Amino acid sequence: MKKLPIGIQTFKEIIVNDYIYIDKTDLALEVIKNYKYSFLSRPRRFGKSLFLDTLKNIFEGNKELFKDLDIYDRWDFEDIYPVIKIDWAGDFKTLELTKETAIQILKENQKRLDIECEFQDSPSGCFRELIQKAYEKYNKPVVILVDEYDKPILDNLENPERALENRDFLRSFYLMMKANDAYIKFAFLTGISKFSKANIFSGLNNISDISLMKRYGNICGYTQKNIENEFKEYWGDTDLEIVKRWYNGYNFMGDSVYNPFDILRFIDNEFIYKNYWWESGNPYFLITLLKQQKNYNIPNLENMIVGDELLNTFEVEKLKLEVLLFQAGYLTIDYYQNDPIFGINEYKLKVPNLEVQISLNRLFLDYLTDGQTVDRTIIKALQSADMESFKDIFTSLFASLANNNYTKNDISNYEGYYASVFYAYLSASGLDIIAEDVTNLGRIDLTVKINNNIYIIEFKVDEKDALKQIKEKNYAQKYLNEDKNIYLIGIEFSKKDKNISKFEWEKLI
């Protein structure tokens, strides 16, 4: 049984020590053959660093490591190139620290390539010199591999001024590639965000973004086939459908994929379902952004349709919550549609899986309710159709919210607040919910499915007849053929009392 490559991002270590390796070398070869400059965006811990290190070993001619892999007989491993690898790991809390990190990275490359720069204290000058001297020393054009090209910016999102300083530094640093194009064989950059070319890659207009190209959709992550084949010996009697619901669902225009970090931790932790990927990061910058967009309606995340211009734009000065959620991996692509006549591309986004659904909505709930958590009895109430308990849980929740929460954030005064609390609470419980559920006669505010029960919920704020609307628009018709119990629930809120003013329900017979 091959070992689990937990926390290992070095291609050689994985191959030599008999760890599981998912062969991506066919895609690596295709990228090398098709592009001189290319860029890949993926969420954190998705395998970008391992893919980059695989490229490094290809260009360094380490043929023995690729035996039995797709590229083995398709690449001339005797054609070796000097490789400059820039891995942005370090402290970027000031511009000076960012420059010091860059200098240290370049020193490591000088040592490995047996080259010494004269401009040791100038990152851009040393980078330019390193490219030229490597070309001269090895009589071969240089390969440049950049891992986490945007980390010095992303580490400072809560301090826009510092983020912009680092962005401007990186722009001048990466400009050295354009200035030395004649000495470069291939350049590949990875990151989480997709800043516009004008902001980061100024002048490097020929860089190809392969992030959402269908043929590279599986370049990172594990597919369902990988789970069932390469990891087959580990599963035993594990229900793979539950594993899929928890950890699958990411889509980058290819197959639906798993985040490798989740799968490796899940197996290693004896198949206990936990929020492994979520807990490995710090998503609280999302709350900072939410505070800047006080009237954001959380259920809108369920049916978000965006265009290319949004997915491909990440600007420090005007961050958009949707962009951040997508590029960070909290939303993914549900489906894509193209209008060939007008050239319009649209993407419907979704929460990828149960791990993200629960974790993200716990975060939202904490923000919306000033620290309230989920009462797990909500699940029992819905399983048994105990409408009084269901009502009491939410009445108590709104009653217990601290008054200073409303005073500080002023978030309870917008129409979407109450629906957002309901949505976040039920989603954080792990329930199967549909926000803005489309029917032939309109949209259901919220549909909840659990076991043999379906709940159709309509909200009104300082208005009446929520239940009446459900019945008049015949929202339930959509679910009549499912042979399940259908409950219609009308919930009305009072802004003045900041609570439920009327709760009506009926069981459809």
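Residues numbered from 1 in each chain as written. Predicted model: local features only at pLDDT ≥ 70, side-chain atom pairs only at ≥ 80, totals over all residues. Heavy atoms only, no water.

A.B. asks: Please explain the confidence of the model for the chain as it appears in this structure.
C.D. replies: In regions of low pLDDT, the predicted coordinates are not meant to be interpreted in detail. With 95% of its residues at a pLDDT of 70 or more, the chain shows a mean pLDDT of 91. Counting interchain partners and residues more than four positions distant, the pLDDT-below-50 stretch residues 404–408 has 14 contacts. (pLDDT = per-residue confidence, 0-100. Contact = heavy atoms within 4.5 Å.)

A.B. asks: Which parts of the structure should I look at to understand the pairing of strand β16 (residues 499–508)?
C.D. replies: Remember that side chains alternate between the two faces of the sheet whenever the strand is regular. Pairing of strand β15 (residues 485–494) with β16 involves nine bridges; the strand directions are antiparallel. By the bridge assignment for β16, Leu488 is matched with Glu506. Here β15 folds back onto β16 in antiparallel fashion, the turn holding four residues, of which Lys498 has a positive phi close to 55 degrees. (Pairing = 2+ DSSP bridges. Helix = DSSP H or I, 4+ residues; strand = E, 2+ residues; numbered from the N terminus.)

A.B. asks: Can you help me understand the pattern of salt bridges in this one?
C.D. replies: Pairing between side chains of opposite charge can happen when their charged atoms approach one another. Scanning the entire structure with this criterion turns up 21 salt bridges. For Asp168, the salt bridge goes to Arg167, with nearest N and O atoms at 3.6 Å. On the basis of relative accessibility, which here comes to 37%, the residue Asp168 falls in the partly exposed class. A salt bridge links Lys471 to Glu506, with the shortest nitrogen-to-oxygen separation between them at 2.8 Å. Residue Lys471 is located in helix α21 (residues 466–472), and its partner Glu506 is located in strand β16; the two are separated by 35 residues in the primary sequence. For Lys471, a relative accessible area of 43% puts it in the partly exposed group. A relative accessible area of 32% places Glu506 in the partly exposed class. Each member of the salt-bridge network shares a partner with another, and the members are Lys56, Glu60 and Arg112. (Salt bridge = Lys/Arg side-chain N within 4 Å of Asp/Glu carboxyl O. Buried < 20%, exposed > 50% of the residue type's maximum accessible area, 1.4 Å probe, protein only.)

A.B. asks: Looking at this structure, how should I read empty space enclosed by the protein?
C.D. replies: With a probe scaled to a water molecule rolled over the atoms, the places where space remains empty come into view. Taken as a whole and judged by the stated rule, the model has one cavity of 30 Å³ or more. Here the largest cavity is characterised by a volume of approximately 70 Å³. Around the largest cavity, the lining residues are Ser41, Arg42, Pro43, Ile192, Lys194, Ser211, Leu212, Phe252, Phe326 and Gln327. The residue makeup of the lining of the largest cavity, split by class, is five nonpolar, three polar and two charged. (1 Å grid on protein atoms, 1.4 Å probe; cavity = no way out; pocket = protein on both sides within 12 Å on 5 of 7 lines; lining within 4 Å. Points joined across faces, edges and corners; volume = space filled by probe spheres on them. Nonpolar A, V, L, I, M, F, W, Y, C, P; charged D, E, K, R; others polar.)

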